[in-house]
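Structural description and commentary
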Number of protein chains: 4
Amino acid sequence: MRFFSDNAAPVHAAVMAAMTTANTLDTAYDGDALSKQLDGRFSDLFETDVRALWVPSGTAANCLALAALCPPYGGVVCHRDAHIQNDECGAPEFYTHGAKLMLCDGDGAKLTPATIRTVIDAIANDVHRVQPHSISITNATEYGRVYTPGEVAAIGELARERKLGFHMDGARFANAVAHLGCSPAEVTWKAGVEALSFGFVKNGGMSAEALIFFKPDLADATLMRRKRAGLLLSKGRYLAAQLLAMLDGDLWLETARAANAGASLLANAAGNRLLHPVEANEVFLRVTAAEAASLRAKGFDFYDWADGEARLVTSWDQQAAAIAPLAEAIAAL
Amino acid sequence: MRFFSDNAAPVHAAVMAAMTTANTLDTAYDGDALSKQLDGRFSDLFETDVRALWVPSGTAANCLALAALCPPYGGVVCHRDAHIQNDECGAPEFYTHGAKLMLCDGDGAKLTPATIRTVIDAIANDVHRVQPHSISITNATEYGRVYTPGEVAAIGELARERKLGFHMDGARFANAVAHLGCSPAEVTWKAGVEALSFGFVKNGGMSAEALIFFKPDLADATLMRRKRAGLLLSKGRYLAAQLLAMLDGDLWLETARAANAGASLLANAAGNRLLHPVEANEVFLRVTAAEAASLRAKGFDFYDWADGEARLVTSWDQQAAAIAPLAEAIAAL
Amino acid sequence: MRFFSDNAAPVHAAVMAAMTTANTLDTAYDGDALSKQLDGRFSDLFETDVRALWVPSGTAANCLALAALCPPYGGVVCHRDAHIQNDECGAPEFYTHGAKLMLCDGDGAKLTPATIRTVIDAIANDVHRVQPHSISITNATEYGRVYTPGEVAAIGELARERKLGFHMDGARFANAVAHLGCSPAEVTWKAGVEALSFGFVKNGGMSAEALIFFKPDLADATLMRRKRAGLLLSKGRYLAAQLLAMLDGDLWLETARAANAGASLLANAAGNRLLHPVEANEVFLRVTAAEAASLRAKGFDFYDWADGEARLVTSWDQQAAAIAPLAEAIAAL
Amino acid sequence: MRFFSDNAAPVHAAVMAAMTTANTLDTAYDGDALSKQLDGRFSDLFETDVRALWVPSGTAANCLALAALCPPYGGVVCHRDAHIQNDECGAPEFYTHGAKLMLCDGDGAKLTPATIRTVIDAIANDVHRVQPHSISITNATEYGRVYTPGEVAAIGELARERKLGFHMDGARFANAVAHLGCSPAEVTWKAGVEALSFGFVKNGGMSAEALIFFKPDLADATLMRRKRAGLLLSKGRYLAAQLLAMLDGDLWLETARAANAGASLLANAAGNRLLHPVEANEVFLRVTAAEAASLRAKGFDFYDWADGEARLVTSWDQQAAAIAPLAEAIAAL
């Protein structure tokens, strides 16, 4: 049974159906009727005017956002364990033309104004040091922790004071919102976020993420960068179709809630084995190698994270009944 | 009726079906069983050991290939009307980190050893001038012309002599092979081509092109560059599925033949209005503005190419019966 | 005798002396008393507030300017024979992170609003094409032609209309001003120029050019880029000393006049062999291979430019008496 | 009195004289007789065939070397306090087109095989993580510590095993060699170093550093990159002259010994205030703010390094008599 990544989850039937329906459209790139709905639909969702671009991967969304917020000679403050630092093969450096990631510490891969200040206040303000130009946080984080609107707003306030851009990597934004129960607006632009990578692929989509600009004028140059990076798919209508299908009836929230619920079941079973509070759809466990092996022997597939640690990720398609055997196996360790 | 671009054609039913079937797989990135078949399946097709990578766009395929064949301080010789020069928003410069395109003239957007020599022999061999490192040709060309194996081999021989890399942009490679009736091998590696962007999206696919390396050792760095560019989709299995479906039973050749056949019908109707011989699925016509307007008034949609010129592109899904009205309208002009 | 390049001329004694004097200063980078005078001294010269940065080469000056005026996804309109296109090994692409040079035709390597419009009006305004962001002209040009203030202003007006940046490569700016007899202001910012590479090395300096920003806010990011490119020499005071020595008593104008005078003598001797009007310190001659060989046999060193063409460059240190033998030899051909 | 940086030291009289002598040469770029001597002269010094390029700054030397040793998608292992990480405004990222610096801990800014392994062994060997391609150490280090030949060789052995490039930032290489008393060969290529930034500017030069390739084939592409970066000064003969003057009679070693001797005097005076053993020409002291102020009140100029820490740098021109007052003042604190 698959618990190693929500990237491995299937595509939701509604998304597949929407792509089939899109097969009757005949306009290229993003000139089609579906792509043209994105700004409006996401503006409705976020209760403000946004620009929304489809992109085929989360890495692309993140790095186009960073390129919009940070010049080649600037720095992006992020957590030491951030996806942009560890899991994108230097894509931020590629897209920004060589900006530097400035690494913060912090529990659960979360930044705070204090940890950010520790990093940026140590940087002399001269031409010898790369200067910080932007902050990037991940919500939910790489450890499945969720920033509250207040926590985001505190960082947003610091960003405003220091004239730093503010990006949110929301590969699991849906899981964060599902956990918080707040509006998408509250935890983004109302808290100072300027650009959001809004993930759909892990949450029922196939190959479309949304890059949302709350400062609409950031989008124009990004349209050029998207094309220039080979990301403007000629049949973009199938990507737009995926996003719209996920927005319809708040499907994105429904699927995220399902994934979160699965993780909650595991968390309850795990008790004090938990390395981090479980707030989204990731569960980090303290397990011995023998325990990990015994779980695998029962058919559960997951990642070793570090010595004595395992990561389990639940997905939108895993119902309680599907989760139960793993929960039981964990409880029985 | 759509004749403005084969990018606007629908996705073939077999491709849609394959994606649905892939929905039962559960491995991320390119670790899945379908992605792992690509090297073998394309090696069979090309009758030699190749490395085959899926990528989500033709621009991405082209520019990853160029980055593999040309350093940042080098130049890529291509036609003045090449897609990489005019239609990719500087993607070659982005992916190669600033290599320079060196523009050749030539009928029908075709290069010859002579036109290439004219450009590169004028470049003093010193550090002040960007030095040529690679050649890129498009087959079928941007004007729907097809290089024969002999023509490609002549360029390949020059590339070998001058130690230049050799890339083929095959966004419409299928149409070229369908026209030539040769094996894919004859017009590529047997003629000196080192990397091929093998297009499927215009020819029945949705979002997957194949980047083929005939020099397998070029692929390793490209795997890093693909990830770094945000092109390694987390659910890559759906891209592999598309390619495999197009290879099954030589569907790619069947669809290309259909598109070419449509163009032939138009060519026959066009007579001496033709600006270029019609060899693939593009037809360039000499038309007055009034004639173009009259065609549009009848519901035919196409691009104005230049003053007094129109481009019409036929697609894999357009049967003879669907083409006939336009052929008649052209003949009646 | 040296006529192949003013790069080979010696350093003026006043410049050498100033460097020796600077040897008593002891501050690093550009924090020294001499470097701090540059903004003021060049503001005086240009009769407006400018920011003036020393850089160690003309290529560096040009490309820092272009990076300030054009984003990575943009284009710079320049002449087909521009130094930035042909003689900098792709430095514009390196510094701008991949911007594209957009090549214009024109006699004497001069651009006009008409030739610029021909190029930029052919570019469809969409994301598939690199869009023009800046214009760069060379004054005096690569063929020793000089733009008048009126000619520059006409281009400046076009730049303003189309919201394009405007850079002047002034590797031989001094020669141009010496020819025009106008103020430096008239042919630069009063005519719309935003950034000027003001050359001193060919004109008596050793290793310092001035990069002048007439839009002062362009300088801040450039300070970062200068450091980032390894161009912020730790002992910058010796570069500032060179520039200040050249400004003192308008030495730069005196040396340029001397070089121009030498070229005039050659031009008079050359008669209808001249390929271009001689306005600065370069002379392009129509000569047969035998004639060129005969001149070389007499000890005159110069470049072959193209078949049947020779380039001769006079330098600031060559007095009339030194020029006379070559003038006579040319007249005697 | 200047103790804040050896960058602020004057230029040695022999160097000034050599530049004056070079004023009679008349060839451009690096085609002159002096530049052509560099390969031979440095090969003699290093007792092996090397390629030696002048460059105008240490940052340029470092980053050209890194670009030769690490692809854009790779990583360079260096110390957390390395100059390339903290003091070059992202120049490594600019020159390498976005490679990532991989930061090691270690006393005195020194790396060891163990600290390097800690960093690189933690990097999963897949396309999601930037992979290490090179190691860069600084000798003498940013804290004035010196790697012995044995220490360098241990790192060189690791580099060889892991197929990593190996660069030495030798901004103060002369001070290191002066301290070690070994041959330049022993602590470089005999210990596995492939490229060396050999600093002269801090040690009596004006604007010329030497970039030494012990793997000569690395130099060819670097010649292109040097030009492309605007670093190929048109009057390069004045840079070559500086280097040759410093090599003559081992002047570089004499000046470095003088600077080191000054630091020794300070070290003796400092006793247990020393934060690091003094091996080159830098002295790091534990001082209170009041103590630092008292030293400054006496006219001694230096940098605060961190809270309660001061950095004092001695220079080649400071004789024992000039150092004595500071030594006394420190002893008297």
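Residues numbered from 1 in each chain as written. Chains lettered and ligands numbered in written order. Predicted model: local features only at pLDDT ≥ 70, side-chain atom pairs only at ≥ 80, totals over all residues. Heavy atoms only, no water.

Some remarks on the side chain of Glu 279 of chain D
Residues and elements named next belong to chain D. Here is the rule: Strands are runs of DSSP state E lasting at least 2 residues, helices are runs of H or I lasting at least 4, and numbering of each runs from the N terminus. Polar contact is defined as a pair of N or O atoms within 3.5 Å, subject to the rule that within protein one atom must be able to donate a hydrogen and the other to accept it, and that residues adjacent in sequence are counted only when both atoms are side-chain atoms. We call two residues in contact when some of their heavy atoms are within 4.5 Å.
Among the structural elements, Glu 279 can be located in the loop between helix H11 (251-270) and strand S8 (282-286). Within polar-contact distance, the side chain of Glu 279 engages the side chain of Arg 145 at 3.2 Å. Ignoring sequence-local partners within four residues, the contact set of Glu 279 consists of Gly 144, Arg 145, Val 146, Asn 175, His 179 and Asn 260.

Some words on the packing of aromatic side chains
Cut-off, in case you're wondering: A pair of Phe, Tyr and Trp rings is counted when the ring centres sit within 6.5 Å of each other, with Trp represented by its six-membered ring. The angle between the planes then sorts it: under 30 degrees is stacked, over 60 is edge-to-face, the rest tilted. Summary of the burial criterion: residues with accessible area below 20% of their type's maximum are buried, those above 50% are exposed, and those between are partly exposed, where the area comes from a 1.4 Å probe applied to protein chains only. By definition here, charges over rings are those cases where NZ of Lys or CZ of Arg is within 6 Å of the ring centre and within 35 degrees of the ring normal.
Following the criterion strictly, the structure yields 62 aromatic pairs over all chains and no others. Geometrically, the ring pair formed by Phe 173 of chain A and Phe 198 of chain A is edge-to-face, given 4.9 Å between the ring centres and 70 degrees between the ring planes. With a gap of 25 residues between them, Phe 173 of chain A in helix H8 (residues 173-180) and Phe 198 of chain A in strand S6 (residues 195-198) connect regions that are remote in the sequence. Assigned by exposure class, Phe 173 of chain A and Phe 198 of chain A land together as buried. When the centroid spacing of 4.4 Å and the interplanar angle of 25 degrees are considered together, the rings of Phe 198 of chain C and Phe 200 of chain C count as stacked. What makes Phe 198 of chain C buried here is its relative accessible area of 0%. Residue classification places Phe 200 of chain C among the buried positions, given a relative accessible area of 1%. A connected cluster of aromatic rings, assembled from ring pairs, spans Phe 42, Phe 46, Phe 173, Phe 198, Phe 200, Phe 214 and Trp 252 of chain A. The ring of Phe 302 of chain A is capped by Arg 296 of chain A, whose NZ or CZ atom sits 4.1 Å from the centre of that ring.

Let's talk about the domain arrangement of chain A
All names here are of chain A. Heads up, the rule is: Domain start and stop points were drawn from an automatic or database domain assignment. Accessible area that two parts lose when put together, with a 1.4 Å probe and added across both, is what the buried area reports. Basic side-chain nitrogens of Lys or Arg form a salt bridge, by our definition, when they fall within 4 Å of a carboxyl oxygen of Asp or Glu. Three classes are used, and their members are as follows: Ala, Val, Leu, Ile, Met, Phe, Trp, Tyr, Cys and Pro are nonpolar, Asp, Glu, Lys and Arg are charged, and the others, Gly among them, are polar.
Domain annotation of chain A identifies domain 1 (11-250) and domain 2 (252-331). With centres defined by C-alpha atoms, the gap from domain 1 to domain 2 works out at 26 Å. Taken together, the contact pairs 26 residues of domain 1 with 19 residues of domain 2. Between domain 1 and domain 2, the buried area comes to about 2,000 Å², and carbon and sulfur atoms account for 55% of it. Looking at the side of domain 1 facing domain 2, the largest losses of area belong to Tyr 143, Arg 172 and Asp 250, adding up to 27% of the total buried there. The tally of links between domain 1 and domain 2 comes to two salt bridges. Where Glu 282 meets Arg 172, a salt bridge forms, and the shortest distance between an N and an O atom there is 3.5 Å. On inspection of domain 1 and its partner domain 2, the count reaches 16 residue pairs in polar contact (both at pLDDT 80 or more). At the level of elements, H8 and helix H10 (237-247) are the ones that each hand at least two residues to the side of domain 1 that touches domain 2. In the side of domain 1 that touches domain 2, the residues fall into 13 nonpolar, eight polar and five charged.

Re the relation of the copies chain A and chain B
Put simply, the rule reads: To superpose the copies, least squares is applied to the C-alpha atoms of every residue with a pLDDT of at least 70 in both.
Superposition of chain A onto chain B requires a rotation of 180 degrees combined with a translation of 0.0 Å along the rotation axis, giving an RMSD of 0.0 Å. Taken together, the rotation and translation describe the operation of a two-fold axis. Nearest to the rotation axis, the C-alpha of Ala 229 of chain A is located 3.5 Å from it, this being the minimum over chain A. In this assembly, 100% of the residues forming the interface of chain A have copies in chain B that are likewise at the interface, indicating an isologous arrangement.

Brief notes about the nonpolar core
Cut-off, in case you're wondering: What we call a nonpolar core is a set of buried Ala, Val, Leu, Ile, Met, Phe, Trp, Tyr and Cys residues that are connected through their side-chain atoms within 4.5 Å.
Ranked by internal contacts, the top residues of the largest apolar core, which has 180 residues, are Phe 42, Tyr 95 and Phe 198 of chain A together with Phe 42, Tyr 95 and Phe 198 of chain B. Apart from the residues lying within four places of it in its own chain, the contact partners of Phe 198 of chain A are Phe 42, Leu 45, Phe 46, Gly 170, Phe 173, Glu 209, Ala 210, Ile 212 and Trp 252 of chain A. Grouped together as the second largest cluster of nonpolar side chains are 136 residues, Met 19 and Ile 123 of chain C together with Met 16 and Leu 233 of chain D included.

Observations concerning the interface of chain D and chain A
Contacts between the two partners involve 14 residues from chain D and, on the opposite side, 14 residues from chain A. Both sides of the chain D and chain A interface together cover about 1,300 Å² of buried area, and 45% of this is carbon and sulfur. It is Cys 89, Glu 93 and Lys 100 of chain D that lose the most area in chain D upon contact with chain A, and together they represent 38% of the buried surface on that side. Put simply, chain D and chain A have two salt bridges between them. A salt bridge links Lys 100 of chain D to Glu 93 of chain A; the shortest N-O distance between them is 2.7 Å. Inspection of the chain D/chain A interface yields ten residue pairs in polar contact (both at pLDDT 80 or more). Broken down by secondary-structure element, the contributors of at least two residues to the side of chain D that touches chain A are helix H4 (83-86) and strand S3 (100-104) of chain D. For the side of chain D that touches chain A, the per-class residue count stands at four nonpolar, five polar and five charged.

What about the sheet that holds strand S10 (residues 309-313) of chain C?
All names here are of chain C. So the rule is basically this: In this description, strands pair whenever DSSP reports at least two bridges between them. Whenever a helix is involved, its axis is fitted only over the stretch in contact; in every case the axis is a line through C-alpha atoms, and angles between N-to-C directions fall within 0 to 180 degrees.
Across the sheet, three strands lie side by side as S8-S10-S9; this open sheet has antiparallel pairing. The sheet is open, and its two edges are formed by strand S8 (282-286) and strand S9 (303-306), each paired on a single side. Sheet twist, expressed as the mean angle between neighbouring strand axes with direction ignored, is 35 degrees. As paired strands, S8 and S10 are joined by five bridges and run antiparallel to one another. Bridge pairing links Phe 284 to Arg 311 in S10.

Notes on the interface of chain A and chain B
Many analyses report the size of an interface as the accessible area lost when the parts associate. Opposite the 46 residues of chain A that make contact, chain B presents 46 residues. Around 3,700 Å² of area is buried between chain A and chain B when both sides are counted, 59% of it from carbon and sulfur atoms. Looking only at chain A, the three residues that lose the most surface to chain B are Phe 94, Arg 228 and Lys 235 of chain A, adding up to 20% of its buried area. For the pair chain A and chain B, the interface holds two salt bridges. Joining chain A to chain B, the criterion identifies 32 residue pairs in polar contact (both at pLDDT 80 or more). When residues of the side of chain A that touches chain B are traced back to their parent elements, those giving at least two are helix H1 (13-22), helix H3 (58-69), helix H5 (91-96), helix H9 (219-228) and H10 of chain A. Tallying contributions element by element places H5 of chain A first for the side of chain A that touches chain B, with four residues. Of the residues belonging to the side of chain A that touches chain B, the class tally is 23 nonpolar, 13 polar and ten charged.

As for the confidence of the model for chain A
Defined as follows: Confidence of the predictor at the level of single residues is captured by pLDDT, which takes values from 0 to 100.
When pLDDT is averaged along chain A, the result is 97, and 100% of the positions lie at 70 or above. Overall fold confidence (pTM) sits at 0.98, and the ipTM for the predicted complex is 0.97.

A short note on helix H12 (residues 289-297) of chain B
Residues and elements named next belong to chain B. Inclusion rule: For this quantity, the arc is that covered by the directions from the helix axis to the C-beta atoms.
Taken as a whole, H12 has its buried residues at Glu 291, Ala 292 and Leu 295. One face of H12 carries all of its buried residues, which in axial projection span an arc of 100 degrees. Counted as exposed and oriented over 90 degrees from the buried face of H12: Ala 289, Ala 290 and Ala 297. Gly 299 occupies a position one or two residues after H12 and carries a positive phi of about 100 degrees.

Brief notes about the sheet that holds strand S7 (residues 209-213) of chain D
Residue and element names in this part refer to chain D. Strand order in the open sheet made by the seven strands is S1-S7-S6-S5-S4-S2-S3, with mixed pairing throughout. Only two strands of the sheet have a single partner each, and these edge strands are strand S1 (51-55) and S3. Each neighbouring strand pair of the sheet contributes to a mean axis angle of 25 degrees, computed without reference to strand direction. Of the strand pairs in this sheet, strand S2 (residues 74-79) and S3 are connected by five bridges, and their pairing is parallel. Following the sheet pairing, His 79 is matched in S3 by Cys 104. Against the sheet, helix H9 (residues 219-228) engages S1 and S7, with an angle of about 10 degrees to S1.

As for the relation of the copies chain D and chain A
Least-squares fitting of chain D to chain A yields an RMSD of 0.0 Å, with the superposition described by an axial translation of 0.0 Å and a rotation of 180 degrees. When the interface residues of chain D are mapped onto chain A, 100% of them are again interface residues, pointing to one common binding face.

With respect to empty space enclosed by the protein
We apply this condition: Grid points spaced at 1 Å and placed over the protein atoms alone form the basis of the search, with a cavity being a set where a 1.4 Å probe fits but cannot get out and a pocket an open set showing protein on both sides within 12 Å along at least five of seven lines. Lining residues have an atom within 4 Å of a point. Grid points are joined across faces, edges and corners, and a volume is the space filled by probe spheres set on the points.
Tallied over the entire structure, the rule returns ten cavities of 30 Å³ or more. Taken as a whole, the largest cavity spans an internal volume of roughly 190 Å³. Along its surface, the largest cavity is lined by 20 residues, and Gly 58, Thr 59 and Lys 202 of chain A together with Tyr 29 and Ser 234 of chain B are the ones closest to its centre. Sorting elements by how many residues they give to the lining of the largest cavity places H3 of chain A first, with three residues. Taken as a whole, the second largest cavity holds about 90 Å³ of empty space. Residue lining of the second largest cavity: 13 residues in total, with His 97 of chain A, His 97 of chain B, Phe 94 and His 97 of chain C together with His 97 of chain D positioned closest to the centre.

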